[in-house]
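# Report on the structure
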2 protein chains.
Amino acid sequence: MARTGRRPGNEDTRGEILDAARSAFAAFGYDRATIRGIAADAGVDPALIHHYFGSKKELFVSVVEFPVDPELVLQEVLSEGIENAGRKIARIFLTAWDAPATREPLLAVVRAAVTTDQGATLLREFITVMVLPLMDKLDGPYTKLRLQAAAGQMVGVAILRYVIQFEELKAASIDELVDLLGPRIQGYLTGE
Amino acid sequence: MARTGRRPGNEDTRGEILDAARSAFAAFGYDRATIRGIAADAGVDPALIHHYFGSKKELFVSVVEFPVDPELVLQEVLSEGIENAGRKIARIFLTAWDAPATREPLLAVVRAAVTTDQGATLLREFITVMVLPLMDKLDGPYTKLRLQAAAGQMVGVAILRYVIQFEELKAASIDELVDLLGPRIQGYLTGE
């Protein structure tokens, strides 16, 4: 049901749009959620959403609060060719988790995903809509399943290193982990 | 401070012992936590803890509520030799996550570990005390770091398959995932 009668532009409006957008993206998925529906739910004009957040895609990024831009990361991943992408992915991923300014928001996304259905749905939609399609720019024998297994390798190591804090994994340098994990990520992308 | 004057054997005693044990294992680690200290904190006689829970190790297992016995798993992992251990580990791990009776407690352990420092400490202690030493029975070029990276691969895939529920990873059969992940786990154990 649309809530009406609220003046656009008041100080809570931005938060109410984000709440409505979070509910819509989680309930309907990214593709089926609409700015029109979110606007109706937040009791604002659709134009105001565009004014505050830009496109539907930018609104989605604001909802998930993912601290890294997947398109910029992909540019860097491919900067030395697909044959070095595995090591690049490992290094960029671990560097983002090492820096507190990005680690804290990444942790918040993971915690929400592991503890609430809404958080899980939003992260799945984010990766599915924002990250996996980028991988079409890579040539290789990989499948979505292989990319997801590679993501599992990196996410699992991040959790054991930064959250559970296993002694050896916590003490390892990024260089050491890039040597260990890079070839394995590469194998998912281009190897057997 | 020891709480005293509570009668041993009342219906809350078991829960109070578990609470005291959880605090002690998280605060001091497994090795430095003592049955005597836990008994004092719970206001019971140490003999009562042994009566209810058995050894310190068994008390720790009761605290963590880990639904799988690592020693039994290792016997099965090694039942076809170290050269098949990677596929065995992948199959046993995924089978435990597939069955709701074990998946729910595993999820509870992961959720507690990702959202609370106490949960993270208890899981780290459990794996460090109960699982990693078992690996000494394996011969191979692995290190604790390599074992932790292998654990990261499996934990990450479990989270993406069962919690985030990525479409392809969720739809894959256990056989398909054993083919994909088994050789990679094996590589951590015995390969380069």
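In case you missed it, the structure is sitting above this.
Below you will find a few notes about this structure. (Residues numbered from 1 in each chain as written. Chains lettered and ligands numbered in written order. Predicted model: local features only at pLDDT ≥ 70, side-chain atom pairs only at ≥ 80, totals over all residues. Heavy atoms only, no water.)

Quick look at the overall build of chain A now. If you tally the helices and strands in chain A, you get 11 helices and 0 strands. Dimensions of chain A along its principal axes, counting C-alpha atoms only, are 60 × 35 × 25 Å. Looking at chain A as a whole, 48% of its 192 residues qualify as buried. Put simply, of all contacts in chain A between residues at least 6 apart along the chain, 70% involve residues at least 24 apart. Surface accessibility of chain A: about 9300 Å² in total, with carbon and sulfur atoms responsible for 53%. (Helix = DSSP H or I, 4+ residues; strand = E, 2+ residues; numbered from the N terminus. Buried < 20%, exposed > 50% of the residue type's maximum accessible area, 1.4 Å probe, protein only. Contact = heavy atoms within 4.5 Å. Areas by Shrake-Rupley, 256 points an atom, 1.4 Å probe, with all protein chains shown as cover.)

In this assembly, 37 residues from chain A lie in contact with 37 residues from chain B. Across the chain A/chain B interface, buried area totals approximately 3400 Å², and carbon plus sulfur atoms make up 69% of it. Where chain A packs against chain B, one counts 0 salt bridges. Seen at the junction of chain A and chain B, the total is 12 residue pairs in polar contact (both at pLDDT 80 or more). Taken together, the elements giving at least two residues each to the side of chain A that touches chain B come down to α7 (100–115), α8 (117–131), α9 (144–163), α10 (167–171) and α11 (174–189) of chain A. Ranked by residues supplied to the side of chain A that touches chain B, first place goes to α9 of chain A with 13 residues. Residue composition of the side of chain A that touches chain B, by class: 21 nonpolar, 8 polar and 8 charged. (Buried area = accessible area lost by both parts, 1.4 Å probe. Salt bridge = Lys/Arg side-chain N within 4 Å of Asp/Glu carboxyl O. Polar contact = N/O pair within 3.5 Å; in protein donor to acceptor, adjacent residues only side chain to side chain. Nonpolar A, V, L, I, M, F, W, Y, C, P; charged D, E, K, R; others polar.)

Looking now at the side chain of Gln148 of chain A. Tracing the chain through its elements places Gln148 of chain A in helix α9. The class of Gln148 of chain A is buried, set by a relative accessible area of 2%.

Turning next to the relation of the copies chain A and chain B. Once chain A has been moved 0.0 Å along the axis and rotated by 180 degrees, it coincides with chain B to within an RMSD of 0.0 Å. Taken together, the rotation and translation describe the operation of a two-fold axis. The share of interface residues of chain A whose copies in chain B are also at the interface is 100%, consistent with both copies meeting through the same surface. (Least-squares fit on C-alpha atoms with pLDDT ≥ 70 in both.)

As a further point, take the nonpolar core. Formed by 135 residues in total, the largest nonpolar core has its most connected members in Phe25, Ile49 and Leu59 of chain A together with Phe25, Ile38, Ile49 and Leu59 of chain B. Apart from the residues within four sequence positions on either side, Leu59 of chain A is in contact with Ile17, Leu18, Ala21, Phe25, Ile35, Ile38, Ile49 and Phe53 of chain A. (Core = buried A, V, L, I, M, F, W, Y, C linked by side-chain atoms within 4.5 Å.)

A word on the packing of aromatic side chains. Per the stated rule, a full pass over the model turns up 16 aromatic pairs over all chains. For the pair Phe25 of chain A and Phe60 of chain A, a centre-to-centre distance of 4.7 Å together with 55 degrees between the ring planes defines the contact as tilted. One end of the pair, Phe25 of chain A, is in helix α1 (residues 13–32); the other, Phe60 of chain A, is in helix α4 (residues 56–64), and 35 residues separate them in sequence. Of the residues examined, Phe25 of chain A reaches a relative accessible area of 0% and is grouped as buried. Measuring from centroid to centroid gives 5.8 Å for Phe25 of chain B and Tyr30 of chain B, while their planes differ by 15 degrees, and the two rings are stacked. The same class applies to Phe25 of chain B as to Tyr30 of chain B, namely buried. Of the aromatic side chains, those joined through ring pairs into one cluster are Phe25, Tyr30, Phe60, Phe66 and Phe126 of chain A. Across the ring face of Tyr30 of chain A, the terminal group of Lys56 of chain A is positioned such that the distance to the ring centre comes to 4.7 Å. Note that Arg184 of chain B overlies the ring of Tyr188 of chain A, its terminal NZ or CZ placed 3.9 Å from the centroid. (Phe/Tyr/Trp six-rings, centres within 6.5 Å; stacked < 30°, edge-to-face > 60°. Lys NZ or Arg CZ within 6 Å of the ring centre and 35° of its normal.)

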